[in-house]
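The primary structure of each chain is shown beneath.
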Amino acid sequence: MIIATMTPCFNTMAVVAAILAVAAQGSCQQNTRTITIQATPPSDLSKKIDPSFTGFAFEESSFYNYSFDAEGKPNSFSQNMVNSIFSRTGGTPILRVGGTSGDHGRYNPCQKSPTNFPATKFGPQMDGGVTVGPSFFKAFDNWPGAKFIFMVPFLNTTHSNTLAWAKAGMKHIGNENLYALEIGNEPNFYSWIKTGHAAEYVKRYTNLQDELKKSIPSLSGPKKFQVLDAAFGDSTGLTAQDLFENGLSKVASSIKQVAFHYYQGFGPKTLSDLQGWVRHSTTVNKMKNYTPHIEYLQKNHADVDFAITEAGYNIGGKKGGPTLDSNLATALWAVDFQLYCMTVGVNRVNWQQILTASLNMWRAVESKAGPATVSANFYSQPFVADFISKGGNTQVAKLDVSDDSDGTLIAYGAYESGKLARIALLNLNLWTTQNGTRSHVDFTLKGLPGTSKQAKVHHLTAPGGALAKDELTYAGLEWTKESNGIGKQVRNDSRVLDLKGSDMTVRVNATSALLIVL
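Residues numbered from 1 in each chain as written. Predicted model: local features only at pLDDT ≥ 70, side-chain atom pairs only at ≥ 80, totals over all residues. Heavy atoms only, no water.

**Description of unusual backbone geometry**
- Although it is not a glycine, Leu228 adopts a positive phi angle of roughly 85°.
- Within the element layout of this structure, Leu228 appears in strand E9 (residues 225–230).
- The class of Leu228 is buried, set by a relative accessible area of 0%. (Helix = DSSP H or I, 4+ residues; strand = E, 2+ residues; numbered from the N terminus. Buried < 20%, exposed > 50% of the residue type's maximum accessible area, 1.4 Å probe, protein only.)

Rendered as structure tokens:
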């Protein structure tokens, strides 16, 4: 069993004796779990994970302020935040631009300002009234190397506004940078949608799709469109199967992906609520609403992807009062959510960005919500990116931790060419500085491949525990507005373990996660 020989990743660390694989900050309870690594890959190993799996989504008006800084220059802070993720995977940033405010909005070719509701002063206009001018679409010019999911309005019964909007946007995006054209947003809220109205949706969707192809001939190629984008908690019965069986199969070659939106809910108000919120079992139960769509596509339309194009921890907007969000606990939830999505066949996840909202990964410029800043939620992203890694050969499986009746201890394995390459361990048991000594769990990993001589161990943690909004680090790195979105080394807590056998033991503190790279 490997417990000891441990070398700091950085020479500035002088003492590491008596540390298990992670620096425990104290314990009031000793817990152990054993994970047995099988000699052959698990039978439920996922398909290969796209290096572009994790992406971002921008609410319509907010996109402009994420793209330009306060001086009207390309926002290098935003660019660096995105590059911090994709430099780790080698993937292409896939950025979705759209949402309800845009779907209700109009294009005004004579308007001088980018939008009549600038995101620095206003929240999303969910009931209409937004207009965008030609200068709005210049925001697409500021993301070198990115591809876009570009939403055009679908709510209107006439097509002229949509066609003008699409032409103005595509002039800046270009066919080569279009990942998919999204027709409308959350149609289950449209007044003409009722339960069982899949045929009506398909009819209107394909009619508009035809008009777009005529207006912009480059859209006539295969795999140019995204369909559905159903809201979180859709009660209308708009399913992937219903759409394809009611006529969408006739244009299946044009569909790149079926999209749904996911939010964990309306936000907990107490630490007890937060604990239930972030449990792995809570996420598994919520994802049961999505897996039938995934399974249908895999069986009947295997070349059509399933994407969660708008995701967030807290949907907001209802059930008023302060909620516990954007903290270490929600960042860890975002790690677990994405890794679990990989195991059930989700092709990609786009994290929602609204300049004035608390669910952000970062706030790009100063607004009525506060100064530009990096949110705690962002720290999930470099962890997930390193778990995916480069090369495009990663497959994922959930590992058996032997006992997780509480829904707080989770392990995932990343396999390359059938061999275990990385392990993610999460301890979602919530701890705050008010709870006394920080508890931990010791994970014993048995049957590790003998080809690895060393293992690197990286932490996602914060000294303040579950509710911490700052002092978070991943692999000792911190991202701030002051560093312009470039990770800076502020803590030397990563370790290198010398492996002398097939077993090792690591310690994971409450409200933290480890990434082991073999």
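Let's pick the thread back up.
**Let's talk about the packing of helix H2 (residues 76–89) against helix H11 (residues 380–388)**
- Two elements in contact, H2 and H11, have axes separated by 8 Å at closest approach and are oriented at 15°. The orientation of H2 with respect to H11, classified from their angle, is roughly parallel. Of the two possible hands of crossing, H2 and H11 adopt the one that is right-handed. Touching Ile85, Arg88 and Thr89 of H2 are Gln381, Pro382, Ala385, Asp386 and Ile388, all from H11. (Axes fitted to C-alpha atoms, helices over the stretch in contact; angles between N-to-C directions. Parallel < 35°, antiparallel > 145°, perpendicular 65-115°, else oblique. Left-handed = near helix turned anticlockwise from the far one by under 90°. Contact = heavy atoms within 4.5 Å.)

**Let's talk about the packing of aromatic side chains**
- Under the defined criterion, the tally for this structure stands at 40 aromatic pairs.
- Here the aromatic rings of Tyr66 and Trp362 are separated by 5.6 Å at their centres, their planes lie at 80°, and the arrangement is edge-to-face. Taken as a pair, Tyr66 in helix H1 (residues 60–67) and Trp362 in strand E13 (residues 362–363) lie far apart in primary sequence, 296 residues in all. Of the two residues, Tyr66 and Trp362, both sit in the buried class. (Phe/Tyr/Trp six-rings, centres within 6.5 Å; stacked < 30°, edge-to-face > 60°.)

**Thoughts on the confidence of the model for the chain**
- Looking at the chain, pLDDT values average 91 and 92% of them are 70 or higher.
- Considering only residues more than four positions removed or in separate chains, one finds that residues 1–30, a stretch of pLDDT under 50, has 81 contacts. (pLDDT = per-residue confidence, 0-100.)

**Focus on the pattern of salt bridges**
- Enumeration over the complete set of coordinates arrives at 13 salt bridges.
- Measuring nitrogen to oxygen at the nearest pair gives 3.3 Å for the salt bridge that ties Asp50 to Arg348. With a gap of 298 residues between them, Asp50 in the loop between strand E2 (30–36) and strand E3 (54–58) and Arg348 in strand E12 (residues 348–353) connect regions that are remote in the sequence.
- For Arg348, a relative accessible area of 2% puts it in the buried group.
- Linking Arg348 and Asp305 is a salt bridge whose minimum nitrogen-to-oxygen distance equals 3.5 Å. One end of the pair, Arg348, is in strand E12; the other, Asp305, is in strand E11 (residues 305–312), with 43 residues separating them in the sequence.
- Classification of Asp305 by relative accessible area gives buried; the value is 19%. (Salt bridge = Lys/Arg side-chain N within 4 Å of Asp/Glu carboxyl O.)

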